[in-house]
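# Coordinate inspection notes
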Amino acid sequence: MKALVDMLHLLLCQMPHIYDIMKIVHREEGNCYYYLENDIAHGDTLPDHLKWRKVVENFKASTGMVTDKEALEFIKRSIECTQNIKRLVGTNEAKVNFIRTLIDL
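As the structure is a computational prediction, the values presented were derived from the model and not from experiment.

### Let's talk about the environment of Asn31
Structurally, the position occupied by Asn31 is in the loop between α1 (2–12) and α2 (34–38). Once residues within four sequence positions are removed from consideration, Asn31 is found in contact with Met15, Pro16, Ile18 and Asp48.

### Considering the pattern of salt bridges
Per the counting criterion, the structure on display carries four salt bridges. Salt-bridge contacts for Arg27 lead to Asp48; the nearest nitrogen and oxygen are separated by 3.7 Å. Residue Arg27 is found in the loop between α1 and α2, and its partner Asp48 is found in helix α3 (residues 47–63); the two are separated by 21 residues along the sequence. On the accessibility criterion, Arg27 (30% relative accessible area) is partly exposed. Taking the relative accessible area as the measure of exposure, Asp48 reaches 11% and is therefore buried. Look at the salt bridges and you will find they share partners, linking Arg27, Glu37 and Asp48 into a network.

Thresholds applied
Residues numbered from 1 in each chain as written. Predicted model: local features only at pLDDT ≥ 70, side-chain atom pairs only at ≥ 80, totals over all residues. Heavy atoms only, no water. Helix = DSSP H or I, 4+ residues; strand = E, 2+ residues; numbered from the N terminus. Contact = heavy atoms within 4.5 Å. Salt bridge = Lys/Arg side-chain N within 4 Å of Asp/Glu carboxyl O. Buried < 20%, exposed > 50% of the residue type's maximum accessible area, 1.4 Å probe, protein only.

Geometric descriptors of this kind do not, in isolation, establish any biological role.
In structure tokens:
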């Protein structure tokens, strides 16, 4: 599960990340301590890791995916698809609108 949690955190976390280990004791709301928790024994039991594990469970449940491997492959394919669309479309607004129309179908 760690690889999937790391991936979703990397892709989705919008909070400022704190890297000063002294600040983990007095956490401030609105900051992410995920990377600090990685460096601590049993860091996967700390608040930000638990939060992101829950995000993973919700993601898998909402998409109907059972395994972490299946979810990781889906995310990787989605990223590849996004990259391919960006390459295909470039900056041409007509192409962007066409792709949006296809996605909305």
